[in-house]
Amino acid sequence: TRPITLSKLQRMKQDGEKFTCLTCYDATFTHAMNQAGVETILVGDSLGMVVQGQDSTLPVSIDDMCYHTAAVKRGNSHAFILTDMPFMSYSSPNQALDNAAKLMQAGANMVKLEGGSWLADTVRLLSERGIPVCSHLGLTPQAVHKLGGYKVQGQDQAAADLILKESLELVEAGADILLYECIPAALGKILTDAISAPVIGIGAGADTDGQVLVMHDMLGINIGRPARFVKNFLTNGRTIEQAFSAYVEEVKNGSFPASEHTFDA
Ligand code: KIV
Ligand code: NA
């Protein structure tokens, strides 16, 4: 199988072909995702919660992210690997460059940063140095204490307009992929149509170019009540690999996410 590249993802957007992403933190699950045809793998800082047992993503370190990225990289044959920059590892452009370099050397193909316009200079610097960037907007879990909880974002017109404006600024600065978490489905469509770069959504409706879920959530192993956007694919007597394949199939044929998994304005 040919490696999935950024240009491949851009072509898929142009052709209207949906692509998939799942979070992953180790080599064995990476191999199973490869077999199932998951195009992109996110080494998410959600590992703080699902692997480390923390109650938010804030305690995750750059060394933790490098460790899991290296494990995923060793298990990977052809998926495109995105790695999260953890809390406070990109609070200035130069700090971001140093830490992004560590993640790229550990095996990431792209780094993901949470935030809008304040990151434009950082995105520009990374981009100029040859590091692909995914910008994560909407619900940004590293800001949970500022946001006052894990809440849907962009629900009024002003908030929606701001997300669009900041997204366009980040694309202008060099962001190659945009990711939106927990926004109304209608806004997900507006953003996907307005932005030239591939758009990935989680709780952002069915119209984004790609979908992502946390692996543990889509295998039905949650600590606590799953979010509205989660679907358990480890059903009907499936193996884990078949659950990954079912997710790929449902994203590609448009049956996931259904309206029960999406938010209204
Ligand atoms: O860390 C993570 O799992 C993420 C996804 C929820 C997008 O950032
Ligand atoms: Na994350």
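Basis of the calculations
- Residue positions are counted from 1 within each chain, in the order its sequence is given.
- Whichever chain is written first becomes A and whichever ligand is written first becomes 1, with later ones labelled in order.
- Two thresholds apply to this predicted model, a pLDDT of at least 70 for residue-level local features and 80 or more for giving and counting side-chain atom pairs, whereas whole-chain, interface and lining totals are computed over all residues.
- Each side-chain value is worked out from all heavy atoms of the structure, with water and hydrogens disregarded.
- The numbering of helices and of strands both runs from the N terminus, where a helix is a DSSP run of H or I of at least 4 residues and a strand a run of E of at least 2.
- In what follows, a contact means two residues having at least one pair of non-hydrogen atoms within 4.5 Å.
- At least two DSSP bridges between two strands are required for those strands to pair.
- The axes are straight lines fitted to the C-alpha atoms, using for helices just the contacting stretch, and the angles between their N-to-C directions are given from 0 to 180°.
- Burial classes: relative accessible area under 20% of the type maximum marks a residue as buried, over 50% as exposed, and values in between as partly exposed (1.4 Å probe, protein chains only).
- Here the term right-handed applies to a crossover when the path leading from its first strand over the helix to its second strand runs clockwise, the strands being oriented away from the viewer.
- With respect to orientation, any angle under 35 degrees is reported as roughly parallel, any angle over 145 as roughly antiparallel, any angle of 65 to 115 as roughly perpendicular, and every other angle as oblique.
- By the definition used in this description, the sense in which the near helix is turned from the far one sets the handedness, with an anticlockwise turn below a right angle giving left-handed and a clockwise turn giving right-handed.
- Asp, Glu, Lys and Arg are counted as charged, while Ala, Val, Leu, Ile, Met, Phe, Trp, Tyr, Cys and Pro are counted as nonpolar; the rest, among them Gly, fall into the polar class.

### Observations concerning the environment of F29
Then, number 1: Tracing the sequence through the fold places F29 in helix α2 (residues 27-36).
Then, number 2: Taking the C-alpha atoms as reference points, F29 and L82, 53 residues apart in sequence, are found 15 Å from one another.
Then, number 3: When neighbours within four sequence positions are excluded, F29 is seen to be in contact with C24, M215, L219, I240 and F244.

### Concerning the sheet that holds strand β8 (residues 210-213)
Then, number 1: Sheet architecture is closed into a barrel: eight strands sit in the order β1-β2-β3-β4-β5-β6-β7-β8, paired in parallel fashion. Taken over all neighbouring pairs, the strand axes of this sheet differ in orientation by 25° on average, direction set aside.
Then, number 2: Both strand β1 (residues 19-23) and β8 contribute to a ladder of four bridges, which runs parallel. Within β8, the position partnered with F19 by the bridge is G210.

### Side note on unusual backbone geometry
Then, number 1: Between F256 and the following residue, P257, the backbone shows a cis peptide bond with an omega angle of 0°.
Then, number 2: Phi at M88 takes a positive value of approximately 65°, unusual for a residue other than glycine.
Then, number 3: Tracing the chain through its elements places M88 in the loop between β3 (80-84) and α5 (93-106).
Then, number 4: By relative accessible area, M88 is classed as exposed at 52%.
Then, number 5: Residue C182 is not a glycine yet carries a positive backbone phi of 50°.
Then, number 6: By the element assignment, C182 lies in the loop between β6 (177-181) and α9 (185-194).
Then, number 7: Look at C182 and you get buried, because its relative accessible area is 6%.

### Notes on the pairing of strand β4 (residues 110-114)
Then, number 1: Most of β4 sits inside the fold, with five of its five residues counted as buried.
Then, number 2: Both faces of β4 are covered, namely the face carrying M110, K112 and E114 and the face carrying V111 and L113.
Then, number 3: Taken together, β3, α5 and β4 constitute a β-α-β crossover, and its handedness is right-handed.
Then, number 4: As paired elements, β4 and strand β5 (residues 133-138) share four bridges and run parallel to each other. When the bridges of β5 are listed, E114 appears paired with H136.
Then, number 5: Each parallel crossover has a hand, and for β4 linked through helix α6 (residues 120-128) to β5 it is right-handed.

### Brief notes about the packing of helix α4 (residues 62-75) against α5
Then, number 1: Remark: α4 packs on α5, axes separated minimally by 8 Å, with the N-to-C direction vectors making an angle of 25°. Our classification of the angle between α4 and α5 gives roughly parallel. For the pair α4 and α5, the sense of crossing is right-handed. Between α4 and α5, the residues in contact are I62, M65, C66, T69, A70 and K73 and N99, K102, L103 and A106, respectively.
Then, number 2: For the contact of α4 with α5, the per-class residue count stands at six nonpolar, two polar and two charged.

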